[in-house]
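The lines below spell out each chain.
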Amino acid sequence: AKQLEQKSFRDVVLSLLKENDYPPNHLCLEITERCRQLPIDVINEEVCFLQQYGIHFAMDDYGTGNASSSIVLGVPMNEIKIDMSFIRAMSRDEKVGILIRNVIRMAHELGCVAVAEGVETKEQLEQLREYECDYIQGYYYDKPLSVLDFENKYQEKE
């Protein structure tokens, strides 16, 4: 929220991309619940401006605050990231599973991809696949890695 409020925000983002020769379509900025402090039109203006350059935006921790839906409906998002608290609870509470399935459906109907945060077990992964979740984040595959460790572990050797 503090960054979006700064008049130079868009210029800083674009100059960092240029300085680092980084493709804008590989950058995804996350909008958090703290943004509910800002008027929707301010968020929308910044997001729409940067999306013209190919930058993607995600609604982070969806479902944890009272403004998530208003931001998603008022600002064009590319991703909706379902908060890990829901993922952890879905095996214990059938109602949570229903909620997650419908958030994923809503994301798809809004033209967004759905990302589940905090996936740690095979059971969670299988349930999310059944719900047609697009992507997962979490320790199921691995803990956070340095770039070098990631490359050594996951990139094909020539």
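Every chain's residues receive numbers from 1 upward, in the order its sequence appears when written. Reporting in this predicted model follows two pLDDT cut-offs: at least 70 for local features of residues, and 80 or more for side-chain atom pairs to be given and counted; totals over whole chains, interfaces and linings ignore these cut-offs and use all residues. Hydrogens are left out, water is left out, and the side-chain values use all remaining heavy atoms of the structure.

A.B. asks: Where do I start with the sheet that holds strand E1 (residues 28-31) in this structure?
C.D. replies: Backbone hydrogen bonds are what pair the strands of a sheet, in a parallel or an antiparallel way. Note on pairing: DSSP must find at least two bridges between two strands before they are called paired. Per the convention used, a helix needs a DSSP run of H or I reaching at least four residues, while a strand needs a run of E reaching at least two, with both numbered from the N terminus. Taking strand neighbours across the sheet as the criterion, the five strands line up as E1-E2-E3-E4-E5 in an open arrangement whose pairing is parallel. The open sheet terminates on both sides in strands that have one partner only, identified here as E1 and strand E5 (135-136). Bridge count between strand E2 (residues 56-62) and strand E3 (residues 79-82): three bridges; the pairing is parallel. In the sheet register, Tyr62 faces E3, and the bridge partner there is Ile82.

A.B. asks: What exactly am I supposed to notice about helix H2 (residues 9-19) here?
C.D. replies: In an α-helix, one turn spans 3.6 residues, which is why side chains three or four residues apart end up on the same side. The classification of residues rests on relative accessible area computed with a 1.4 Å probe and restricted to protein chains. Under 20% of the type maximum is buried, over 50% is exposed, and intermediate values are partly exposed. Looking at H2, one finds that the buried residues are Phe9, Arg10, Val13, Leu14 and Leu17. All buried residues of H2 project into a common sector of 125 degrees when viewed along the axis, lining one side. For H2, exposure combined with an orientation more than 90 degrees from the buried face picks out Lys18 and Glu19. Pairs of residues are marked as contacts when any of their non-hydrogen atoms sit within 4.5 Å. On its buried face, H2 is in contact with helix H1 (2-5), E1 and helix H3 (40-51). The arc in question is traced by the directions running from the helix axis to the C-beta atoms.

A.B. asks: Honestly, the pattern of salt bridges in this entry has me stumped. Any pointers?
C.D. replies: Salt bridge, as used here: a side-chain nitrogen of Lys or Arg that lies within 4 Å of a carboxyl oxygen of Asp or Glu. Going through the model one piece at a time under the given rule, you end up with seven salt bridges. Among the salt bridges present, the one from Glu120 reaches Arg88, with a minimum N-O distance of 3.7 Å. Here Glu120, found in the loop between strand E4 (113-116) and helix H7 (122-130), pairs with Arg88, found in helix H5 (residues 84-89); they are 32 residues apart in sequence, far enough to count as distant. In this structure Glu120 comes out as partly exposed when scored by relative accessible area, which is 40%. Between Glu126 and Lys122 there is a salt bridge; the shortest N-O distance is 4.0 Å. In this pair, Glu126 and Lys122 both sit in helix H7, four residues apart, roughly one turn of the helix. Take Glu126: its relative accessible area is 41%, and that puts it in the partly exposed class. Connected through shared salt-bridge partners, Arg10, Glu45 and Glu46 make up one network.

A.B. asks: Can you walk me through helix H6 (residues 94-109) in this structure?
C.D. replies: Between its first and last C-alpha, H6 extends 23 Å over 16 residues, near the 22 Å set by a 1.5 Å rise per residue. Considered for burial, the residues of H6 that qualify are Val96, Gly97, Ile100, Val103, Ile104 and Ala107. Summarising the axial view, the buried residues of H6 lie within an arc of 125 degrees, below the 170-degree limit, and thus occupy one face. Across H6 from its buried face, at more than 90 degrees, point the exposed residues Glu94, Lys95 and Glu109. Whenever a nitrogen or oxygen atom comes within 3.5 Å of another N or O atom, the pair is scored as a polar contact, on the condition that within protein one atom can donate a hydrogen and the other can accept it, and that pairs from neighbouring residues in sequence are kept only if both atoms are in side chains. Among the residues of H6, the N-terminal cap falls to Asp93, whose side-chain oxygen and the backbone nitrogen of Lys95 are separated by 2.9 Å. Multiplying 1.5 Å by the residue count of a helix minus one yields the expected span of that helix.

All quantities given are derived from atomic positions and should not be read as evidence of function.
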